[in-house]
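Fold and contact review
Single-letter residue listing:
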Amino acid sequence: EGLVVIIDVGKSMSEHQGSTRGAPYKLDSALKSVTLLVQQKLLYSPKDDIGIITFGTKETRNNLSENGYKNVTVLKDLDPPEVEDLKLIESITPGGIEGDMIDALIVGMDLLISKYKGKRCQKRIFLVTDGGSPTNKSDFLTVLDQFKKMEGKLNVIGIEFDDEEDSSSSLYHSQKSDVKLENEKFLRHFAREVSGVVVPVGQAIEMMSYFRSKSVLQRTNFRGHLEISPLIRIPVWSFIKTMKRNLPPFGKLSVVAEQSAEPGGKGVIIERSYYTLTDPDNEIPPEERIKGYKYGRSLVPFSKIDESVLKYTADKCLVVIGFTKAVNVPRHHYLENCAIMVSEPGDLSGGVALSAFVGAMAETESVAIVRHVKRANAVPHLGVLIPYVKGEYDGLVYNKLPFAEDLRHYQFASLNPELAKKALVPTPEQLSAADDLIKSLELSVPDDSAEPVELLKPKYTYNPVLQHYYQCLQKRALDVDGELPTLDKVIADYLNPDENIFSQAQDSFSRFREAFPLTKTETKENKKYWKDALNEEEGVQLDSYVPTPKKQKLQPSTSFSIDKIIATGASQVGSVNPVQDFNDMLARRDVDLVEKAITQMEERIVQLVNDSVRDQLYPKALECLIALRLGCIQEEEADLFNSVLRRLRGLFDGKKRNDFWLMVSSRDLTLIHNQESDDSSVSPSEAKAFLSQSLSGLDGPSLDKFKK
């Protein structure tokens, strides 16, 4: 749909409603109604286009300004609705000039014609005005003719307009100017000519404040032939009738992009990489990967060739297998979405044939069991076609049915009085009390015409989770730091029982409690077996008859893990378990890897800190630094560690990752002094002063190779 909203900001719109001090301004009510309209478009019709025009403004900005359409401003061209539109509406102020609504309508029509020339879509104009400014109606017939040619509709939200259906809401004609009365009459006539409506602003705000469901494009999910026999095939179209509406999925935003100077796109793209336990640093290429299916505890590999052979192939079809009475297909066997099938539009003979088929099934109270394949090589389903006769058209309701593997066969005690235990058979008084309780809680109440009205009717009962989500989304879109709104009263009524119904059913509750008295059941003592009695004998335990196996003495420093069993000797400090890799490299005696391990550990620490989202990887980097310090003391490489620590400080102290260096300082991770390692040239006092001295006093190799 293409929708143009035209807002009157002229001189009369800056007055109070009803000319009463303290009452809201006319423009405030107009903007509130437009805000609700845009909010509904954002939530329920985000693919529609919306444009915003104001008239009665001091400036002029539109494509027809050279032809004399003055004091009309196009604030937004026809584009999908955005949150910025709500902020734009909030910024609208009174123009103070008497504008011509016909000029504004012509500019709005020009937007629609320019955008949708040669395209089929619904076209509407919403005009929000009090009708207080003079209007030049000399071009009315031309405008009306053009409106009809483009198949547009005009809806008017009137400020201080009379409600035609409620005479008590009308203002006295003496309180309205002649210009306003004439414009109100003119707009009603215009709206009727183009199948539009005129709604008072109060009623419009109330209507648009109601919850509603999201509009969905009417699209077929199956087009084919209903094959009753090889000689009888009826063309049908299938549309989804009911579908579970899930909460919209939340998108992932990058915190790193948000914090950077040039954030760009904040969306997160997920990429999966595969590694082996023995080589966690090298990715497995796609050609070396294969899918597998579980068979017990084993994984059975299946190549793409095997998958193509395994896949079941079927042709697109909707074939009747047979007919049965409707009572033979219980409702609890219906699965997934429900669809409605109708004859192909424009096919008169097919429509007659389907109508006869549906009528015969309805008359005999029968349903058809069908084999349904939506598209070629899709999974075949078993389904049921139920006759659907409503008003002027006939159709078939399709529901998916389960196969034998889909059914769960639970065994429960029978409730049939002839088969159940005597203790479980209710008395006539109990049956009567239960019937009375159910009837008293019936969700039907009489309305003004004494006809019963169904409460919580699915057509008018909205999903409380979705509606509260929409509420919170609206609030957060306009106020990022504001508190989320509380649960709306209408939503709360969906979730809680009706107090009036329960108060009227108190007598039924009392009768039900008297008919079904509750008694406390004493739990029986557990049975005792010979082994329990034997254990109770003093000094006799079953464990005493079982010889205790000799326990092997383990060395305190020995630890076993799957990594050690499969490892062949670490030669790189990996990213998965860098501390373990570092210690393994130091422990190697077949080759000297000490300096290589220290260098790679330094690089790994820098990588962890720079790749960290906020402080997510800081603990792991700190653990690596602690392991590096202990390893250098053990291998008598104090000077190497001290050089590393000086370089790390130069990278992080007072820089972007200063919070990591503060964490290092809080743990007193300083230089290795000569009391810890004989090969160190640093005294304890120098090591202590290191964490507090300035960067200018530091020496060491260049830091350029670590900078990003």
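Residues numbered from 1 in each chain as written. Predicted model: local features only at pLDDT ≥ 70, side-chain atom pairs only at ≥ 80, totals over all residues. Heavy atoms only, no water.

1. Observations regarding the packing of aromatic side chains
All told, the structure shown has 13 aromatic pairs when counted by the stated rule. Both rings, one in Phe-323 and one in Phe-357, keep their centres 6.0 Å apart while their planes meet at 65°; by these two values the pair is edge-to-face. Taken together, the residues span a long stretch of sequence, with Phe-323 in strand β11 (residues 317-325) and Phe-357 in helix α9 (residues 348-363) at a distance of 34 residues. By relative accessible area, which is 47% here, Phe-323 ends up partly exposed. The exposure class assigned to Phe-357 is buried, which follows from its relative accessible area of 11%. Its guanidinium or amino end placed over the ring of Trp-237, Arg-223 lies 3.8 Å from that ring's centre, counting from NZ or CZ. Taking NZ or CZ as reference, Lys-316 lies 5.3 Å from the ring centre of Phe-222, over its face. (Phe/Tyr/Trp six-rings, centres within 6.5 Å; stacked < 30°, edge-to-face > 60°. Helix = DSSP H or I, 4+ residues; strand = E, 2+ residues; numbered from the N terminus. Buried < 20%, exposed > 50% of the residue type's maximum accessible area, 1.4 Å probe, protein only. Lys NZ or Arg CZ within 6 Å of the ring centre and 35° of its normal.)

2. Quick word on unusual backbone geometry
Non-glycine residue Glu-336 carries a positive phi angle of around 55°. By the secondary structure assignment, Glu-336 is in strand β12 (residues 335-343). Positive phi, normally seen in glycine, also occurs at Asn-377, with a value near 65°. When you line up the elements, Asn-377 lands in the loop between β13 (366-373) and β14 (381-390).

3. Let's talk about the sheet that holds β11
Taken in spatial order, the seven strands line up as β7-β8-β12-β15-β14-β13-β11 and close into a barrel, and their pairing is mixed. Averaged over neighbouring strand pairs, the angle between their axes works out to 40° when direction is ignored. Strand direction decides the pairing type here: strand β7 (residues 220-229) and strand β8 (residues 232-242), joined by eight bridges, are antiparallel. The residue of β8 that forms the bridge with Thr-220 is Phe-239. Against the sheet, α9 touches β7, β8, β11, β12, β13, β14 and β15 (393-401), its axis set at about 65° to β15. (Pairing = 2+ DSSP bridges. Axes fitted to C-alpha atoms, helices over the stretch in contact; angles between N-to-C directions. Contact = heavy atoms within 4.5 Å.)

4. Re the pattern of salt bridges
One pass over the structure, following the stated rule, counts 17 salt bridges. With its nearest N and O atoms 3.8 Å apart, the salt bridge here joins Arg-233 to Glu-227. Residue Arg-647 is joined to Glu-602 by a salt bridge in which the shortest nitrogen-to-oxygen separation is 2.8 Å. Residue Arg-647 is found in helix α20 (residues 638-652), and its partner Glu-602 is found in helix α18 (residues 594-611); the two are separated by 45 residues along the sequence. With a relative accessible area of 11%, Arg-647 lands in the buried category. For Glu-602, a relative accessible area of 3% puts it in the buried group. (Salt bridge = Lys/Arg side-chain N within 4 Å of Asp/Glu carboxyl O.)

5. Section: the environment of Asp-85
Looking at the element boundaries, Asp-85 is found in helix α2 (residues 83-90). Placed 33 residues apart in sequence, Asp-85 and Ile-52 show a C-alpha to C-alpha distance of 8.8 Å. Leave out the neighbours within four places in its chain, and Asp-85 touches Val-38, Ile-50, Lys-76 and Pro-80. Separated by 3.0 Å, the side chain of Asp-85 and the backbone nitrogen of Glu-82 make a polar contact. (Polar contact = N/O pair within 3.5 Å; in protein donor to acceptor, adjacent residues only side chain to side chain.)

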